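Residue-level structure breakdown
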Amino acid sequence: MALSMKVAIVDDEADMRASISQWLALSGFDTVTFGSAEEALKVIGPDFQGVVVSDIKMPGMDGMAFLKRLMSQDSGLPVIMITGHGDVPMAVEAMRVGAFDFLEKPFNPDRMTELAKKATQARRMTLDNRALRRELSDGSTIMKKLVGSSPAMDRLREDILDLGQADSHVLIDGETGTGKTLVAHALHAVGPRASKKFVSISCAAWSEDQLAAKLFGPAEDGVIPLVEEARGGTLCLEDIEALPNPLQARLLTFINEQGLPPETRIIAIRNQHAPDVTLEQALRSDLYYRLGAMTIVLPPLRARGEDILQLFTRLSEQFAEEYGCDAPQVTAQEAAQLLQAPWPGNVRQLVNIAERAVLQNRRGSGSIASLLMADNEASGPAMTTEGKPLKEYVEAFERMLIDNTMRRHKGSIVAVMEELCLPRRTLNEKMAKYGLVRGDYT
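What about the packing of aromatic side chains?
This structure, assessed with the given rule, holds two aromatic pairs. Here Phe100 and Trp206 contribute two aromatic rings whose centre-to-centre distance is 5.1 Å and whose plane-to-plane angle is 65°, an arrangement assigned as edge-to-face. Pair noted here: Phe100 is in the loop between helix 4 (88-97) and strand 5 (101-104) and Trp206 is in the loop between strand 7 (198-202) and helix 9 (208-216), with a separation of 106 residues, a long-range link. Given a relative accessible area of 13%, Trp206 falls into the buried group. Residues Tyr288 and Tyr289 carry aromatic rings whose centres are separated by 5.1 Å and whose planes lie at 75° to one another, so their mutual orientation is edge-to-face. Overall, the relative accessible area of 58% leaves Tyr289 in the exposed class.

Describing the packing of helix 19 (residues 413-420) against helix 20 (residues 424-433)
For the pair helix 19 and helix 20, the least separation of the axes is 10 Å and the interaxial angle reads 100°. On the basis of their axis angle, the class for helix 19 and helix 20 is roughly perpendicular. Two secondary-structure elements touch here, helix 19 through Ile413, Val414, Val416 and Met417 and helix 20 through Arg424, Leu427 and Met431. A class-by-class count of the residues in the contact of helix 19 with helix 20 yields six nonpolar, no polar and one charged.

Looking at the pattern of salt bridges
Here the structure, examined in full by the defined rule, presents 18 salt bridges. Between Glu93 and Arg96 there is a salt bridge, with its nearest N and O atoms 2.7 Å apart. In this pair, Glu93 and Arg96 are both assigned in helix 4, three residues apart and thus about one turn of the helix distant. Taking relative accessible area as the criterion, Arg96 reaches 35% and is therefore assigned partly exposed. A salt bridge links Asp154 to Arg157; its shortest N-O distance comes to 2.9 Å. Note that Asp154 and Arg157 are positioned in helix 7 (residues 151-164) at a spacing of three residues, about one turn of the helix.

Considering the pairing of strand 9 (residues 265-269)
Burial runs high along strand 9: five of the five residues are buried. Taking every second residue as pointing to the same face, both faces of strand 9 are buried, with Arg265, Ile267 and Ile269 on one and Ile266 and Ala268 on the other. Relative to strand 9, strand 6 (residues 170-173) runs parallel, the two being bridged by three bridges. Directly across from Val170, in strand 9, lies its bridge partner Ile267.

Digging into the sheet that holds strand 3 (residues 50-55)
Strand order in the open sheet formed by five strands is 2-1-3-4-5, and the pairing between neighbours is parallel. Each edge of the open sheet is held by one strand with a lone partner, namely strand 2 (30-34) and strand 5. Each strand of the sheet is rotated relative to its neighbour by a mean of 20°, with strand direction disregarded. Both strand 1 (residues 6-10) and strand 3 contribute to a ladder of five bridges, which runs parallel. Within strand 3, the residue paired with Lys6 across the bridge is Gly50.

The rules behind these values
- Residues numbered from 1 in each chain as written.
- Predicted model: local features only at pLDDT ≥ 70, side-chain atom pairs only at ≥ 80, totals over all residues.
- Heavy atoms only, no water.
- Phe/Tyr/Trp six-rings, centres within 6.5 Å; stacked < 30°, edge-to-face > 60°.
- Helix = DSSP H or I, 4+ residues; strand = E, 2+ residues; numbered from the N terminus.
- Buried < 20%, exposed > 50% of the residue type's maximum accessible area, 1.4 Å probe, protein only.
- Axes fitted to C-alpha atoms, helices over the stretch in contact; angles between N-to-C directions.
- Parallel < 35°, antiparallel > 145°, perpendicular 65-115°, else oblique.
- Contact = heavy atoms within 4.5 Å.
- Nonpolar A, V, L, I, M, F, W, Y, C, P; charged D, E, K, R; others polar.
- Salt bridge = Lys/Arg side-chain N within 4 Å of Asp/Glu carboxyl O.
- Pairing = 2+ DSSP bridges.

Structural measurements only, silent on function.
What follows is the structure in structure tokens.
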């Protein structure tokens, strides 16, 4: 479930607070207002689930002092500063300290909405990454999150275990929604740097000046540049293809200064927003070959076979527990449709489909097929034209059916035999064939 983002509005003028809050609320944002920086600091701490809009000129603690306090306790918190007419030097200073952006009075409300949207998106990514880091305290935990028994997933897990022990920088490539960020965390968690910091930033979420300040500093007012914060650990650069040329040169210098083996490992993630532009074209060649010394390409969901059914089952059970209802029972036809779908959004799309299927099932209406068709209508037909042998569909559905029934009966062989009308020997043979172990369900 996505985090609910708040917009904290800090201004000593009640009318200004009210007008900004009203406009953002009409634009769909959840707002909270404060009359002073001191009042706001009682609520806004590290990991605040939202962003901040603050006036610069306020009595008591002014906006600049407020910004420095916020940056010192959470440098990943987006803060939008509001400046008076002619306060451009102050706005530039705010950006240097770490402000997300600034608005000059009188400002266009639509511009405020646009900035709030970008800021909340950046904040959600930051908090999601932090939550993942806290959850994944050891390599065995994170490897369990890489669900799937397909050959593609077996190879991926082997690659992670192999490359996790290496010192070289790693490039992770793959379609949107395949789990590249999860794999980056896994590489860190299974390697010798696991006890060190994992620091992540999206190169597409910030302007060039902001990205330069966050990555390379200078270290002032308690704000530590990310290359220093990650020293000895892992620096993960998401959307590496968006890294501006001047910063590519600075990153290359940082890499060269480390020597071999590198003190800080860099994991670069490419998001294929523009598949017609190769990474070799987006990055200078010397940087590309340094970052791409080792490469992991994540398999698309459509290439993972019965993993699709396994993932759908796990996800629908989790959502059913969350919503307090039963998980939908997948028919043979629906299983074939899930296996045949093109899944342009990959695992991320499957998560959305599973949640909506559970909500539909709670209402007692709808079908998985209708969800797939609605989800894929923008990208063409809901089913691929590749096709697979009927035997593969039958085996995938059979495995899913036995797996679901074993889960429901908590590993009771007798109950499963009765529900599926299977003799014990046949059930045992099929469980062995599909790699299902009774102990995993008890």
